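Take a look at the letters that make up each chain.
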Amino acid sequence: MLEFAICNELQHADGLTLAQQAEVAAALGYVGLELAPDTLGLAPHSMDAGDIYAIRGIVERAGVRVTGLHWLLSGYPDASITDPAKWDETQTILIGLIDLCARLGGSVLVHGSPAQRGRPAGMTSEQLIDHLASFFAPVAKAAQAAGVTYCIEPLSRQETDTITTVAEGAALVEAVGNPAFRTMIDCKAAGLDEPPVAELIRTWVPTGLIGHIHANDTNLGAPGMGRDPFPDIVRALLETQWSGPIGVEPFRTLIDARVTAAIGIATMRACEKAAQ
């Protein structure tokens, strides 16, 4: 049976406390929360051990767990993975978030954050991969030491000009050359720029380079809120024996965040049942 986590930022925006978010996740059948760090407070990368322990306890008392982190730099508008003048500060933030993820019991960090990854002017795609590999090498080393997986997220060309396809993400993974550093498939981004997503899953999951899956519709809703072919996507996940938690990551609500989360997991479960 596939496992699903719900990304927490829409519930946070609706005013739900972390305890309430965890209770919603448990009630709907999610195994956990995938947290956006900036929903946890200011400077989450430097959070002290006591606060981390408290957050983990709040989530686990509801019967779910923290599966990982995403939107890593959304609370750090001045950070950059492409501007060398900001590399030291940004690496410090990301290494702190790696520690946070591990202490919370999470297993994966998803690096999207389009505003902090603009391509330097005049840089070719090959130069960009080498440039990013230099930045991510110490980050990957920290992830490996912490026992977590760090994923560069290919985003749509509407959002960024830096790593916009799974192949580009895979090229960066190979350049970094650390098993703790991988890429991932975001159904919304991939559905916009390189459909069909099911075929991407069948092509890339068997390579071992994919560390995470985000389930969302190209209309920015949860699975079931649009017309994307989630029956095919789920069938591909089952065929490739995907075993990690799948993060349901809508960017907008239908009625409210709880209803949206309910639609997302109900759609994925119905597709899973139909495929078996």
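Quick note: structure is the one above.
What counts and how
Residues numbered from 1 in each chain as written. Predicted model: local features only at pLDDT ≥ 70, side-chain atom pairs only at ≥ 80, totals over all residues. Heavy atoms only, no water. Helix = DSSP H or I, 4+ residues; strand = E, 2+ residues; numbered from the N terminus. Buried < 20%, exposed > 50% of the residue type's maximum accessible area, 1.4 Å probe, protein only. Pairing = 2+ DSSP bridges. Right-handed = clockwise from strand over helix to strand, strands pointing away. Disulfide = S-S within 2.5 Å. Axes fitted to C-alpha atoms, helices over the stretch in contact; angles between N-to-C directions. Left-handed = near helix turned anticlockwise from the far one by under 90°. Contact = heavy atoms within 4.5 Å. Core = buried A, V, L, I, M, F, W, Y, C linked by side-chain atoms within 4.5 Å. Lys, Arg positive; Asp, Glu negative; His and termini not counted. Salt bridge = Lys/Arg side-chain N within 4 Å of Asp/Glu carboxyl O. Polar contact = N/O pair within 3.5 Å; in protein donor to acceptor, adjacent residues only side chain to side chain. Expected span 1.5 Å × (residues − 1). Bend = angle between axes of the 7 residues up to and from the residue.

### Overview of unusual backbone geometry
- The omega torsion of the bond from Pro-195 to Pro-196 falls at 0°, within 30 degrees of zero and hence cis.
- Looking at the element boundaries, Pro-196 is found in the loop between α7 (187-193) and α8 (197-204).
- For Ser-113, which is not glycine, the phi dihedral falls at a positive 45°.
- In this structure, Ser-113 sits in the loop between β4 (108-111) and α5 (125-146).

### Some points on the pairing of β4
- Covered by surrounding structure in β4 are Val-108 and Val-110 together with Leu-109 and His-111, the residues of both alternating faces.
- In the sheet, strand β3 (residues 65-69) pairs with β4 via two bridges, with the strands oriented parallel. Opposite Gly-68, over in β4, you have Val-108 as the bridge partner.
- For β4 and strand β5 (residues 149-152), the ladder comprises four bridges, and the chain directions are parallel. Residue pairing across strands places Val-110 opposite Cys-151, the latter belonging to β5.
- Between β4 and its parallel partner β5, the chain crosses via α5, and the hand of that crossover is right-handed.

### Brief notes about the state of the cysteines
- Under the definition given, this model contains zero disulfides.
- With no disulfide partner, Cys-151 has as its closest neighbouring cysteine sulfur the one in Cys-101, 10 Å distant.
- Here Cys-271 is not cross-linked by a disulfide; its sulfur's nearest cysteine counterpart is in Cys-187, at 11 Å.
- Given the relative accessible area of 8%, Cys-271 is considered buried.

### A look at the packing of helix α2 (residues 18-28) against helix α3 (residues 49-61)
- Running from N to C, α2 and α3 point in directions that differ by 35°, and their axes come no closer than 8 Å. Note on packing geometry: the crossing formed by α2 with α3 is right-handed. Across the interface between the two elements, Leu-18, Ala-19 and Ala-22 of α2 pack against Ile-55, Ile-58 and Val-59 of α3.

### Some thoughts on the pairing of strand β7 (residues 210-215)
- Burial analysis of β7 places six of its six residues in the buried class, which makes it a mostly covered element.
- As judged from the three bridges shared by strand β6 (residues 181-186) and β7, these two strands associate in the parallel manner. Bridged to Asp-186 within β7 is His-214.
- Pairing of β7 with strand β8 (residues 246-248) involves two bridges; the strand directions are parallel. Opposite His-214, over in β8, you have Gly-247 as the bridge partner.
- One crossover worth recording links β7 to the parallel β8 by way of helix α9 (residues 230-239), and it is right-handed.

### Here's the deal with the sheet that holds strand β1 (residues 4-7)
- With parallel pairing, the eight strands of this closed barrel are ordered in space as β1-β2-β3-β4-β5-β6-β7-β8. Going across the sheet, the axis of each strand differs from the next one's by a mean of 35°, ignoring polarity.

### Here we look at the nonpolar core
- The biggest cluster of nonpolar side chains holds 80 residues, and the ones touching the most others in it are Phe-136, Tyr-150, Leu-172 and Ile-185.
- Considering each element in turn, this core owes the most residues, 10 residues, to α5.
- Not counting chain neighbours up to four residues away, the residues in contact with Tyr-150 comprise Leu-72, Leu-94, Ile-98, Leu-109, His-111, Phe-136, Val-139, Ala-143, Ala-180, Phe-181 and Arg-182.

### Comments concerning the side chain of Glu-153
- Looking at the secondary structure, you find Glu-153 in the loop between β5 and α6 (166-176).
- Although Glu-153 lies buried, it forms no salt bridge, and the closest oppositely charged side chain, Arg-117, sits 5.7 Å away as judged by the N-O distance.
- A distance of 3.4 Å separates the side chain of Glu-153 from the side chain of His-214, its partner in a polar contact.

### Let's talk about the pattern of salt bridges
- Counted under the stated rule, the structure contains nine salt bridges.
- Here Asp-232 ties to Arg-235 by a salt bridge, and the two come within 2.9 Å at their closest N and O atoms. Pair noted here: Asp-232 and Arg-235 are both in helix α9, with a separation of three residues, about one helical turn.
- A relative accessible area of 32% means that Arg-235 is categorised as partly exposed.

### Brief notes about the environment of Leu-238
- Tracing the sequence through the fold places Leu-238 in helix α9.
- In the structure, Leu-238 is positioned 236 residues away from Leu-2 in sequence and 8.0 Å away in space, judged by C-alpha atoms.

### Regarding α5
- Between its first and last C-alpha atoms α5 spans 30 Å; for 22 residues at 1.5 Å apiece the expected length is 32 Å, and the two agree.
- If you look at α5, its biggest bend is around 40°, right at Phe-136, and the proline Pro-138 turns up within four residues after that.
- Those residues of α5 that fall on the buried side of the exposure criterion are Leu-128, Ile-129, His-131, Leu-132, Ala-133, Phe-135, Phe-136, Val-139, Ala-140, Ala-142 and Ala-143.
- Directly after α5, the chain includes Gly-147, whose backbone phi takes a positive value near 75°.

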